[in-house]
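Each chain, written out:
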Amino acid sequence: MSISRRGFLALPGIAGATLVTPDPPWPVQARDAVADIYRELLHVHTRWVEQQWDAAIGAYRAADFRFAAVLGNAVLLGVEGYDAELAGVDRETLRSRTLATIRRFAATNVLAGGTEWGRRLFWDSTFELYFVLAARILWDDLDDATRSNVTAIAEGQAAYAYGLGTADDPLSGDWTPHGTTGGRIGDTKLEEMGVYAQALAPGVAWTGDPAWRERFDLWAMNASGLPAADAANPALVDGRRVSDNTAGNLYDTFIVENHGSANPHYQAELWRTAGRAAIHFLVAGRPLPQVLTHQPNGEQLWRTLRLLATDAGEPVMPMVADRYHLYGRDILPLAFLAQVQGDRDAARAEADLAARMMPYLTYAPQYQLTKFSGEDKYEPEARAELAIAYLFHRHRGRPVAPLPAREFFRRAAGTRDFGADVGLTAQQAEDGFAAAVTKPGFVRFLWQPRHDHWLIDTRGPGFLPAGATATARSSTAYETIRDSFDATATVLAVNSGYAGFVTLPTGSVVYASTGVGPDEGSLTLFALSMPGVPGLTGTRTFTGAQGTVTLAPQSIGGTQEVSFPARSARFVRMLGRRPATQYGYSLWTFAVLDQAGTDLARQATPTASSQDPAHPAAHAVDGNELTRWAVAREERARADSWLAVDLGADQVVSGVRLSWEAAYAGAYVVQTSVDGDSWADAVAVPDTRTVEGGWIDIDGRAGIVNRDPARAIAVTATSVVAAPGPAAPTLLEGYAGDLSGLARIAARPAVTAPSGLRADDVDGFLSVFNLTAVAVTGAPIGLPSARRLYRGVQIAVGDGLDWFASLAAGSAVVEAPRFTVDGRSPAGTRFEVTDSHHVTVTAPPGERVGITVRAGHWSARVDLPRGRSRSLTVPGGPVTPAADLARGRMTFPTSPLPEGMGAPARAVDGDPATAWRPGPAGRMVVDLGTVRSLTRLRLAWSSGPRVPVVVQSSTDGTQYADLVRIPRPTRNDDLAVRTEARYVAVAVPRWRTGNAELAVLEVF
């Protein structure tokens, strides 16, 4: 099957309406703001494309597959209103160069008899996919030989991939899907299986070979893996049962790893590879394979990315530095989810990213869709995928309406502890994102107030000192459905001390430590000038008790030229103060400048505190911009690494020029010496100011309060150090909402705690840290107010309360106020709060009590004689924290659900008004998170006939044993059991439409 360019343009959309598949037609809408942005981006990015023209070969360059830019060209040539002024090249020149490139590289592909490129799955097949699509769009303009070569590429690649079976590609080195079993720990095979599928897609779409289609379905189905507990999911996708999948490519917390860490970029590969494949089916006029819109676990994996979302559309990259702000590589997954799968959350993220793209494109280096990675090899890929995203919009016609931003983050809000192996505990709130990363090599506390992706650089350690290592971890994720509030609490044993981090539903955070290193509380800020991106004005403004200061950065990272008053010196060195990333320091070039700007260090003798054997110090002064110095791997965590040059004799020097690799300094000092022993500071980068008073407003976007007001806060345009100086106990608060009351917040009375414990009451939530190696029981925490009551025992003391804490060693807890008190509580009044619905008030022996106790809209007047008690119960609503081990836990099947089945989560949501509809498949599983000792089950049913039920249990999610059989269920079955289990399954094999549905499944 083929389609001519005339036929392609005749499809509604490329010729003026919307490119469609035959069934169903899409409605037409004249205006699509995101598509308009994509069209403009393609035009302007063509200026980069034209820089790749190689007159010697009469085509665009082969390096990094740059010739794949022809897909963007083909789309522009097929769109009405080509704008030569925007593109920087006239239409005929672009057309002739595009056709020449297609002719040349079609002939040189291995599958067409050439020798230059092709066949290899990683990454030739990806660029073949772009290339074939470009050729199909321009089909009418190609000669017969080129058409034959393009057909040979599409069919030959599919045949090659099919011929591999489930084996590795011998041409692709260690890139492998690991057969159909995949991989989960450290190196997911989700991306690899997606590449195997997409290698087949053009051949399937344009020729329809049924054998290739079967193999395409196999790889596409397995890419998104199969948690153990979902192994019995009988849902059919393209006629294949989900339970037939064999790949374990994701954790059961629905996150994937790559390069040894959790990396959302690779999680998004599920929809990136699906999008690359889908466009071929759409342009060929074929129905989409169902697997591209019904990927197993796709909904859960997308929910994880929403949990990590930012205001820029792309997710936080909590453990990576080299794929940060690579905007052009994030467009396609969002466009596919939004415009092909119809997801309004994705449409919100896509619109947010699109709004940033033109300012990003025109930021230096101009006309590039991918920046800040140190590499431009991603450009041809980004252009091709931008073109595909544009085609998705033209195909859709009426774009999917984005959710309002506030609603997006409200829906995305939540917490999750992804497990100790993953090393990530995260919280998304309406006003910000925060996370604790405990993975070795990536330890950091992240905070993005107001989801601002260009405020705090999350590649830095965030509050923790650089190079922190964790030897022990305690982490808890609180969830509204179980606890009535979202929060996380993490404590790490770090650098012979303890550091803790609490995140709250308000977007605020609390950091506490015993003192685990100098410059704790260091936040690295962006201070770029990128007009069109909120907050990037080129300066940062800081407001504290003493007033306001606005600072412009001396550039950090990239190429920096720093001058200082001329002086005589033989030795010059860069002395690090703070690395910006976990990779230490690395310089492509270290130039020492005289007053005329001449580089005196070229071929001078360098020395360094350490060096990587592959990147010695000499590389920084050899004049080769492709070689560099880097610190030794074992020295990456060292803050004071240095690189020095001996000029051979005294010279007059007045500056340096530093060209940093991605491992750059967040702060450093340039020093000079006449003898190599005694050093004098020439200039410190960046400029540092101190702000007294214990609080700081950062550009109106975030607030920091230092609960040790004796310490000044140090700021530069690109950093805040909230606890500078020697290691000492530290307590910091971070605020993301309204900052107008920051001075008042900083001046409020402090919560007190015994030695080794730290406590705080940010936003009314009680955060308590045990920063010792010994468990504590009944430790008194002094609350300055007696108005808020927390779960546990508290006794009125003066105007406040003593709340009694019990914590394991090296751990933290968060408590929400369960009740509030109006009126004065006499000293000695005792409050015991059991949960959200139960409190007992006891009057002291010597004085009566007269107060009002409130919880939401409920209130009760309490008048007690001396020494008397009264227990109160709030009516209605679920009680939190829930004793029910199943409440809010992950349920299976996930997505897609079997036909006729409702969401199993409805049985464990704590709401008896919702229910799980078993459907003909009739089996659900709840994962309790860890193996627990079970003693009791409760099953409650909706109205309707009840049929026999089998309850099973498992410790591993694969092998189940009958726990109890209920031949004749009652409306409410309360069953005693005795077993050890992590998974509980409920099977209703004889369920039929109209039978009772499971409203409540509780496990104790």
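Residues numbered from 1 in each chain as written. Predicted model: local features only at pLDDT ≥ 70, side-chain atom pairs only at ≥ 80, totals over all residues. Heavy atoms only, no water.

A. Spatial organisation of the overall build of the chain. Helix and strand content of the chain: 18 helices and 49 strands. Against the globule reference of 30 Å for 1004 residues, the chain gives a C-alpha radius of gyration of 31 Å, in line with a compact fold. In terms of overall dimensions, the chain has C-alpha extents of about 100 × 90 × 50 Å along its principal axes. Considering the chain as a whole, with its 1004 residues, one finds that 59% of them fall into the buried category. Once local pairs closer than 6 in sequence are excluded, the contacts in the chain between residues at least 24 apart make up 69%. A total accessible area of about 35500 Å² is found for the chain, and carbon and sulfur atoms account for 50% of it. One way to put it: in the chain the 95 positive side-chain charges average out to a point 6 Å from where the 106 negative ones average out. (Helix = DSSP H or I, 4+ residues; strand = E, 2+ residues; numbered from the N terminus. Rg over C-alpha atoms; globule rule 2.2 N^0.38 Å. Buried < 20%, exposed > 50% of the residue type's maximum accessible area, 1.4 Å probe, protein only. Contact = heavy atoms within 4.5 Å. Areas by Shrake-Rupley, 256 points an atom, 1.4 Å probe, with all protein chains shown as cover. Lys, Arg positive; Asp, Glu negative; His and termini not counted. Charge placed at Lys NZ, Arg CZ, Asp CG, Glu CD.)

B. Fine view of the pattern of salt bridges. Scanning the model with the defined rule gives 53 salt bridges in all. A salt bridge links Arg 473 to Asp 417; the shortest N-O distance between them is 2.8 Å. Taken as a pair, Arg 473 in strand S11 (residues 470-478) and Asp 417 in strand S7 (residues 414-417) lie far apart in primary sequence, 56 residues in all. Assessed through its relative accessible area of 23%, Asp 417 is described here as partly exposed. Within the structure, one salt-bridge network assembled from shared partners comprises Glu 269, Arg 272, Arg 276, Arg 329, Asp 330, Glu 381 and Glu 385. (Salt bridge = Lys/Arg side-chain N within 4 Å of Asp/Glu carboxyl O.)

C. Structural context of helix H7 (residues 144-163). Look at H7: 28 Å from first C-alpha to last across 20 residues, which is about the 28 Å you get at 1.5 Å a residue. Within H7, the full set of buried residues consists of Thr 146, Asn 149, Val 150, Ile 153, Ala 154, Gly 156, Gln 157, Ala 158, Tyr 160 and Ala 161. Looking at the packing, one finds that the buried side of H7 touches helix H5 (91-108), helix H6 (124-137), helix H8 (190-207) and helix H9 (210-223). Its side-chain oxygen 3.1 Å from the backbone nitrogen of Ala 145, Asp 143 forms the N-cap of H7. Phi turns positive, to about 65°, at Gly 165, one or two residues after H7. (Expected span 1.5 Å × (residues − 1). Polar contact = N/O pair within 3.5 Å; in protein donor to acceptor, adjacent residues only side chain to side chain.)

D. Local environment of the sheet that holds strand S9 (residues 432-437). In spatial order, the strands read S7-S8-S9-S10; together these 4 strands make up an open sheet with antiparallel pairing. In the strand order of this sheet, the two ends are held by S7 and strand S10 (444-449), each with one partner. Recorded for the sheet is a direction-independent mean angle of 5° between the axes of neighbouring strands. In this sheet, strand S8 (residues 424-429) lies alongside S7 in antiparallel orientation, the contact comprising 4 bridges. Considered in S8, the bridge of Arg 416 is made with Ala 426. In the packing of helix H12 (residues 298-307) onto the sheet, contacts are made with S7, S8 and S9, and the angle to S7 comes to roughly 105°. (Pairing = 2+ DSSP bridges. Axes fitted to C-alpha atoms, helices over the stretch in contact; angles between N-to-C directions.)

E. Broad picture of the packing of aromatic side chains. Scanning all chains against the criterion turns up 37 aromatic pairs. For the pair Phe 67 and Trp 117, a centre-to-centre distance of 4.8 Å together with 65° between the ring planes defines the contact as edge-to-face. Highlighted residues: Phe 67 in the loop between strand S2 (59-60) and helix H3 (70-77) and Trp 117 in the loop between H5 and H6, separated in sequence by 50 residues. The same class applies to Phe 67 as to Trp 117, namely buried. Taken together, a centroid distance of 6.4 Å and an interplanar angle of 75° make the contact between Tyr 327 and Trp 454 edge-to-face. Of this pair, Tyr 327 sits in the loop between H12 and helix H13 (331-340) while Trp 454 sits in the loop between S10 and S11; the two residues are 127 residues apart in sequence, bridging distant segments of the chain. A single burial state applies to Tyr 327 and to Trp 454, both of which are buried. Ring pairs connect the aromatic residues Phe 65, Phe 67, Phe 105, Trp 117, Phe 127, Tyr 130 and Phe 131, which therefore count as one cluster. The residue whose ring lies beneath Arg 136 is Trp 206, and the NZ or CZ to ring-centre distance is 4.5 Å. A cation sits over an aromatic face here: Lys 371 above Tyr 360, 4.6 Å from the ring centre. (Phe/Tyr/Trp six-rings, centres within 6.5 Å; stacked < 30°, edge-to-face > 60°. Lys NZ or Arg CZ within 6 Å of the ring centre and 35° of its normal.)

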